[in-house]
Amino acid sequence: MKPETGPQSDKPDDLAGIAEAITDGTRVDWGQIGDSRGLSGLKLIEQLGQAYAGAPEPEASAEPATIFQPGERLGPYRIEGELGRGGMGVVYLARDLRLDREVAVKALPAGLTSNPVALERLAHEARILASLDHPGIAVIHGMEETAEGARFLVLERVRGVTLGARLRTGAMPMAEALNVATQLGEALQAAHEGNVIHRDLKPGNVMLTASGRVKVLDFGLARPAGDSSTTGESGPGTGRAPDATQSSLEGTAGYVSPERLQGIADARADVFAFGAVLYECLTGTPAFPGATSEAVLAAVLASDPDFSRLPAETPESIRQLIAASLEKDPDRRLATMDSVLALLRRGRAASPAAARTASSTPNNLPPERSRFVGRAEVLQDCESLLASGRLLTLTGPGGAGKTRLALRLAARALARARGGVWFVDLSAVAEPSRVPFAVAEAMGVREQPGIPLARTLLDRLRDADVLLVLDNCEHVLEACRSLVLDLRDGCRGLTLLATGREALGLEGERSYDVPMLPVPEDAEGDPGTLMRYESVELFVDRAALAASDFALDGGNAADVARICRSLDGIPLAIELAAARAHVLGAREIADRLDRMMGLLRAEPGTVSRRHATLRAALDWSVDALPPEAHGSFRALSVFVGGWDLAGAKAVLGCSDLEALDLLDTLARRSLVTVARGAGTRYRYLEPIRQFAAERLASSGEEGNARAGFLAYEAALAERAEPQLLGPEQAAWLDRIGAEHQNLLAAIEAAGAAEAEAALRIAGSLWRFWHIRGHLRTGAAAVRRALSLPGASAPTALRARALYAAGALAAFDMEGQRRAREYFEEALSIFRAMGEEFGAARCLTGLGAVASARREFAEGAARLEEAQALYRKLGDLRGLAVTLNNLGAAAWNQGDLARAGERIGEALDLARSAGDLGNIAQLAVALSMIRTRRADALGAAAPLREALDTLGSLGARHSSAAGALLAAGELAALEQRYVDAARCFGAADRVLEQLGLVFDDADVWWKGRSPALAAVRAALGDAVSEAHLAAGAKMDVEAALRAARRELDRG
Amino acid sequence: MDSRAPGEGDGAKPHETTGVLIARARAGDTLAGQRLLARLLPVLRHWARNRFPSRIRDARDTEDLVQEVLLRAFRRIDSFENRGEGAFLAYLRQILLNAVRDEARRSNRRPTPSRLEETIPDTAPSAVEQAIGADRLRRFEEALATLPGEQQQAVILRIEFGYSHARIAEALGRPSADAARVMVARALVQLARKIDEA
């Protein structure tokens, strides 16, 4: 029997004490105990329990024997010791005497050396490792054979400790655990991309190196020694299982997913193991503990890990990640490492300790990709201006380094602006009305239906010390001005930093003309003196990145000074020139630049001269590209919001390799910047993009490039649509989020001939806009697509976009009239086409809008029509939605009996779909309806179901408030007035936290007043208030748990 | 739509207690039935390995028999009155015990022709019988049968199935692991008294 914590009874002197010792699994000292009736019975029971617990398990094969001895030579390799062993191999530490380095040698154990299956597996592992190239995966050096014909692998010797050993010292801090998990996840992702599934991931197979790298070992199902799963440490108390199943099941109990027991394994099996490892990192205990492998397997199959062991600070997305990775049904599990990494990123962003910057200030600053050179005085000047004026604009021509300076200032402000530092890149925001939305997006502020966005922003900023950076304001100057005016007066702690060609021109604004970098006026001077000039320092820093052997010395100092001078100290121009250092010497660069700049007419030192200089530097840099790269450089300017590899391929019409090659060329020349992550993205700095766009416009290729761009964005939007409801939701939200500016730009810039693509995007993205809270942005984009001259024909595409417009408009009261028009038009198109699913969706929408406008008869009629269509189509999800809305309509009309029927039917459907969010919400509704019919007995069951479901959904779910209201009402009905008051108090707090407002017209809210009145009548006002306040102090989880307890007691 | 239209985009983790799975399986949800089977099979197999006569216990026979019996029981799950996980496991345990008795009787009537010489003894002892003796096991069973249902379940789950107190709390609908622990201890005392009465 598994020992459990419980009071120790050293000398139990009564039956109850002994019984407790037995059930705790504590030793009972029978010799010390007297004789009373029942004692021998207890002894029998104890023996029985031990008989069941101590059952012999089907045993595994014996330990493999060693085949090599220390000192033995295998060709150039000398065996030095044993590193580890497992069922399928022994790993030795060896020295490669030719290269004089340590390697790991992996050989088959004695007895298997000529087993064809084992040999094939070893060769397979070698091929797999050879096919994988990732810093998180140990490298294979080769596969060799001894003179006697014993085959072995030569592997990278990874120094460090295994994660298993690390975790035996206890759980990891959050930041460390998330860092390890991210590296591990990236390695697995690389393996999966190479079609390799590890199948034996566990803490013993993960190595932590001294330099902080994480390496995944053992792609061949072997186990390092010292992992407690193979040694005598297993058994009760260690929480680990002896790996008895190794012979029949490849992998390790506790990390092997349930479906593997049926012989099914794909990438999702690694996702499961990953979830178990992350759980163990955070808690220090295995996700599926058990004294025997049987118990561990039983736990894997039948029970969920104890999520309450996760540290309280664990971000919600990490909890979700672990729960969804450990899902027993593979179809419900996260399917790919992409999704895993997306949730990890969210968790790291949400976890202050693990955030990208070391600061605990919330921020969205990108990591700095290269060293920030010099500018010490400039930074100080700007900081004192910011401190005195609260609004500073950095001005200057393109290429002056305004953005980089602003980012640097923002990073330095993290320590002071504790309320948050937010960087808003406006370069891709072409439409002035979108400026406030771009700010909200950067801050992660969701638009609230029915509330102007500026209000929501003000509420967030009002009392916080926040630095808001508006980068690249010049093309939306007017919109920036009014936004700044709106925000500045209402928010006392807000500091604003803007960048642009010119100042905003507002009262109280400070502006700072960003100077060019100082240049050495004469060519003379030793390298030490020259390095004090920031222009020279920047050139040398970047040139050394391009050519690692570049250094400033007496031989090139004069040429470098000449380069900086001819480039006027313009930072971007210097970076472009320095990037050429990998092929040209400093003298060659200087000569070429001198020749070009000699042709410029504008007066040195003026703005127009600087502009001309930057253009000349750009011309020079781009003209030196290989001929085949010119068109690509121009074409990529269609992406206003950066691009990823898939986007580049689509627009350039080339292969992966060609695209990567080209992007590498552009990056080497500092023409594109690369942001690495799960999905690597590329972008042009704004001056470069504008330059490329001008060249594209004059090349006559713009039409082709735009067509490729639109086709790509439209296809992406359409692929995303179904995924935004599925298990890959998080990954797709991130993907669309990264591409969002391009998608909007595709619609905004679409001409009459491009209406089709615009409609496709508009019709596909409404769910993204809804989930991310970009309601008005989305609505405006859809309206624009619908109003394009080429979009008016009654096609399915138009109907889909109309549906999207309706869905987005219906979220607020003002929009509902328009929503009705959209739905009606879409409905008539769908009907004419015989498209019943589309028609049913529109009818559902019309019904919901009518109900929201309290036109219940009209609503019910529409919904009945929709219901009939869904039934005919067999669409259970649609049917559930419709039944719920019908129930809500009946409820609103006061027909509780009918409402109960409809909601009950919808609940049944939700249950069979396993749709937890819906189960919670519908069960809450059903419970309330029954309570209001004074059916206390009937109300308890759905409430219990709702509370249990919320336990696994997380208390942030909007139904949590409803569940507490329902619990309060039921408690009042059952005259448990104290419980009722506490539930209502807790509900108030949840509503406040979720930012939800109910009004008296809302059916969920209607029961509260009468119930509360009954509470007050019974307890008196003062006592009621005290209990309400006590409820409001509880956190949501505790309140839900308390409600559940009271329900069982009551 | 109605902002409370069934949750658009609630991609959360489904969790069902065994009790919920039983309810859904009873309502004809075959997927729930499969998940329930996967959840309970390892527990019951482990139990059967100790409790079944060694003849049946050997090789894969135990596994086959357990699975076959459970599948049969699951097909009739709608006739099982749902009183929770504990009651369900006790019910399945009883079915398995009956099945093994039937099996023993049948194999006694029809011994394998080719192996007549090594006549299988009537009562090939199970691991548990070997450990505590057939007579004491019988006393245990008889005493157990006299306890109220919930107490029987508490004993079976803890002593025979090795459930933790936390899981017993869930299976028997107790508020906490501590409450389950107290309940088990009480049931053990009751049971011990009954055993010694006999």
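These numbers come from a predicted model, not from an experiment.

For the overall build of chain B, give the residues involved together with the corresponding values.
Across its full length, chain B carries 10 helices and 0 strands. Walking chain B from its N terminus toward its C terminus, one meets helices and strands in the order α-α-α-α-α-α-α-α-α-α. Per-residue burial over chain B gives 43% buried out of 198 residues. Within chain B, counting contacts between residues at least 6 apart in sequence, those at least 24 apart form 62% of the total.

Please set out the packing of helix 1 (residues 18-26) of chain B against helix 2 (residues 30-51) of chain B residue by residue, giving values where relevant.
Between two packed helices, both the angle of their axes relative to each other and the distance between the axes serve to describe the pair. All names here are of chain B. Two numbers describe how helix 1 lies on helix 2: the axes approach to 8 Å, and their chain directions differ by 140 degrees. Taken as axis vectors, helix 1 and helix 2 run oblique relative to one another. Our pair here, helix 1 against helix 2, has a crossing hand that is left-handed. Within the contact between the two elements, helix 1 uses Thr-18, Leu-21, Ile-22, Arg-24 and Ala-25 and helix 2 uses Ala-32, Gly-33, Arg-35, Leu-36 and Arg-39. For the contact of helix 1 with helix 2, the per-class residue count stands at 5 nonpolar, 2 polar and 3 charged.

Now, about the sheet that holds strand 13 (residues 494-500) of chain A: what can you tell me, with residues and values included?
All names here are of chain A. Here 5 strands make up an open sheet; going across it, the order is 11-12-13-10-14 and the pairing parallel. Two strands lie at the open edges of the sheet, namely strand 11 (420-425) and strand 14 (510-513), each paired on one side alone. Adjacent strand axes in the sheet meet at a mean angle of 15 degrees when their direction is disregarded. Of the pairings in the sheet, the one linking strand 10 (residues 391-395) to strand 14 comprises 4 bridges and is parallel in character. Along strand 14, the bridge assignment pairs Thr-393 with Ser-511. The sheet strands contacting helix 11 (residues 402-413) are strand 10, strand 11, strand 12 (466-471) and strand 13, and the helix crosses strand 12 at an angle near 170 degrees. Strand contacts of helix 12 (residues 435-443): strand 11 and strand 12, with the helix running at about 135 degrees to strand 11, the strand carrying the most contacts.

Before we move on, could you go through helix 33 (residues 856-873) of chain A and cite the residues and values that matter?
All names here are of chain A. The end-to-end C-alpha separation of helix 33 is 25 Å, in line with the 26 Å expected for 18 residues at 1.5 Å each. Burial in helix 33 covers these residues: Gly-859, Ala-860, Arg-862, Leu-863, Ala-866, Gln-867, Leu-869 and Tyr-870. Buried residues along helix 33 sit against helix 32 (836-852) and helix 34 (876-892). With its phi angle positive at about 70 degrees, Gly-874 sits one or two positions after the end of helix 33.

Explain the confidence of the model for chain A to me, and be specific about the residues and the numbers.
Residues and elements named next belong to chain A. Per-residue confidence for chain A averages 82 on the pLDDT scale, and 88% of its residues sit at or above 70. Of all secondary-structure elements in chain A, the lowest mean pLDDT belongs to helix 7 (residues 293-302), at 75, while helix 27 (residues 755-764) reaches the highest, 94. In this model, residues 1-12 is a region of pLDDT below 50 whose contacts with residues beyond four sequence positions or in other chains number 31 contacts.

If you had to explain the packing of helix 2 (residues 39-53) of chain A against helix 10 (residues 177-197) of chain B to someone new, which residues and values would you point to?
In contact at an axis separation of 7 Å, helix 2 of chain A and helix 10 of chain B are set at 115 degrees when each is read in the N-to-C sense. Relative to helix 10 of chain B, helix 2 of chain A is oriented roughly perpendicular. Helix 10 of chain B is crossed by helix 2 of chain A, and the crossing has right-handed handedness. Here helix 2 of chain A contributes A:Ser40, A:Gly41, A:Leu42, A:Leu44 and A:Ile45 to the contact with helix 10 of chain B, which in turn contributes B:Leu188, B:Leu191, B:Ala192, B:Arg193, B:Ile195 and B:Asp196. Split by residue class, the contact of helix 2 of chain A with helix 10 of chain B holds 7 nonpolar, 2 polar and 2 charged.

Hey, could you go over the nonpolar core for me, with residue numbers and the actual values?
Membership of the largest hydrophobic core comes to 378 residues, with the highest contact counts inside it found for A:Val105, A:Val560, A:Ala758, A:Ala762, A:Leu964 and B:Leu188. If near-sequence neighbours (up to four positions away) are discounted, A:Ala762 is found in contact with A:Ile747, A:Ala781, A:Val782, A:Ala785, A:Ala801 and A:Ala804.

Summarise the sheet that holds strand 15 (residues 643-644) of chain A; cite the residues concerned and give the values.
All names here are of chain A. Taken in spatial order, the 3 strands of this open sheet run 15-17-16, and their pairing is antiparallel. The sheet terminates laterally at strand 15 and strand 16 (672-675), the two strands that pair on one side only. Examined bridge by bridge, strand 15 and strand 17 (residues 681-684) share 2 bridges and lie antiparallel to one another. Its bridge partner lying in strand 17, Asp-644 is registered against Arg-681.

Conventions adopted
Within each chain, residue numbers correspond to sequence positions counted from 1 in written order. Here the convention is simple: chains get letters from A, ligands get numbers from 1, in the order in which they are written. Local features in this predicted model are restricted to residues of pLDDT 70 or higher, and side-chain atom pairs are both shown and tallied only at a pLDDT of 80 or more, whereas totals for entire chains, interfaces and linings draw on every residue. Helix numbering and strand numbering both begin at the N terminus, where a helix is a DSSP run of H or I of at least 4 residues and a strand a DSSP run of E of at least 2. Note on burial: count the other C-beta atoms lying within 10 Å of the residue's C-beta; 20 or more is buried, 12 or fewer is exposed, in between is partly exposed, and C-beta positions come from the backbone. By the criterion used throughout, residues are in contact when their C-beta atoms, derived from the backbone, lie within 7 Å. Where helices are involved, their axes are fitted lines through C-alpha atoms of the stretch in contact, as for all axes, and angles between N-to-C directions lie from 0 to 180°. Angles are sorted into four bins: roughly parallel if under 35 degrees, roughly antiparallel if over 145, roughly perpendicular if 65 to 115, and oblique for all others. By convention, the crossing between two helices is left-handed when the near helix turns anticlockwise from the far helix through less than a right angle, and right-handed when the turn is clockwise. We call Asp, Glu, Lys and Arg charged. Ala, Val, Leu, Ile, Met, Phe, Trp, Tyr, Cys and Pro are nonpolar, and the rest, Gly among them, are polar. Should DSSP find at least two bridges between two strands, the strands are taken to pair. Between the first and last residue of a helix there are one fewer steps than residues, each counted as 1.5 Å, and that sum is the expected span. The pLDDT score gives, residue by residue, the confidence of the prediction method on a 0 to 100 scale. Each nonpolar core consists of buried Ala, Val, Leu, Ile, Met, Phe, Trp, Tyr and Cys residues. Their C-beta atoms, within 7 Å, join them into a set.

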